Amino acid sequence: MDNSPLMTLPESRHRVCPWWVAYFFDNPLRRFLHPPDTILGSYVAEGMSVLDLGCGFGHYALGMARLTGRAGRVVAADVQQKMLEKTMSRARKAGLAEIILPHLCDGSGIGLSLQLDFALASNSLHETPDPAGILAELYDLLKPGGRFLLMEPGAHLKSREFEAEVAPAAQAGFVEIERPRVARQMCSLLQKPPVKGEG
């Protein structure tokens, strides 16, 4: 698999967490509090095509690669090249680089053309200048019946801010399935309705 970025666009400057700050929160404590297989194991299966939007240092991207296996594909997307470089460095060390496709995007759009079974945005949607636009783009990227897990930091966003972020999802066409409980996170599991008669 070609692991070169699909596109090269300028980095967004809209409230984006500097890449080096990731060293402070992507650590053994996070791996203990937020184990990817526990949080995502119900949504990601072998052979799936999935997206980690705002992948940071690859905490969830690597976890999803283990869940999809070599028959699957994980797109690790971020607006900062340094994040992607760190993700792929970790992926190579873990023997997962062939599964993960790094994708450099800008803060206003994702810029993918493939169809997804599942998408994750962990602590990233609030950093984009147009969350509603991102939600609409995610809806188009997902296959019918595909799910999207939105996770935001409970210590950083207020409840009303999270609700304002989730509200446009319904306008995009998503149906909220549940509010998963994850330590120190506010979460919403959304689904693109399946084709009538399926799912």
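Refer to the structure presented above.
Here is a short report on the structure shown in this document. (Residues numbered from 1 in each chain as written. Predicted model: local features only at pLDDT ≥ 70, side-chain atom pairs only at ≥ 80, totals over all residues. Heavy atoms only, no water.)

**With respect to helix H6 (residues 131-141)**
Those residues of H6 lying buried are Ile 134, Leu 135, Leu 138, Tyr 139 and Leu 141. Projected down its long axis, H6 shows its buried positions confined to an angular sector of 160°, all on one face. The elements touched by buried residues of H6 are strand E1 (49-53), strand E4 (116-122), strand E5 (142-153) and helix H7 (159-172). (Buried < 20%, exposed > 50% of the residue type's maximum accessible area, 1.4 Å probe, protein only. Helix = DSSP H or I, 4+ residues; strand = E, 2+ residues; numbered from the N terminus. Arc of directions from axis to C-beta. Contact = heavy atoms within 4.5 Å.)

**Side note on the side chain of Glu 152**
The topology assignment puts Glu 152 in strand E5. By relative accessible area, which is 0% here, Glu 152 ends up buried. With near-sequence residues (within four places) excluded, Glu 152 lies in contact with Asn 123, Ser 124, Leu 125, His 126, Leu 157, Phe 162, Glu 165, Arg 184, Gln 185 and Met 186.

**Brief notes about the pattern of salt bridges**
Scanning all chains against the criterion turns up 4 salt bridges. In this structure, Asp 117 engages Lys 143 in a salt bridge whose closest nitrogen and oxygen atoms are separated by 3.2 Å. Placement of Asp 117 in strand E4 and of Lys 143 in strand E5 is noted, with a sequence separation of 26 residues between them. (Salt bridge = Lys/Arg side-chain N within 4 Å of Asp/Glu carboxyl O.)

**With respect to the state of the cysteines**
Counted according to the given criterion, the structure contains 0 disulfides. The structure places no disulfide on Cys 105, whose sulfur is separated from the nearest cysteine sulfur, that of Cys 55, by 8.6 Å. (Disulfide = S-S within 2.5 Å.)

**Thoughts on the sheet that holds strand E7 (residues 185-191)**
Spatially, the 7 strands line up as an open sheet ordered E3-E2-E1-E4-E5-E7-E6, and their pairing is mixed. Among the strands making up the open sheet, the edge pair consists of strand E3 (100-104) and strand E6 (175-178). This sheet shows a mean twist of 25° between the axes of neighbouring strands, independent of strand direction. Here E6 pairs with E7 via 3 bridges, running antiparallel. Paired with Val 175 across the two strands is Gln 191, which belongs to E7. Strand contacts of H7: E5, E6 and E7, with the helix running at about 10° to E7, the strand carrying the most contacts. (Pairing = 2+ DSSP bridges. Axes fitted to C-alpha atoms, helices over the stretch in contact; angles between N-to-C directions.)

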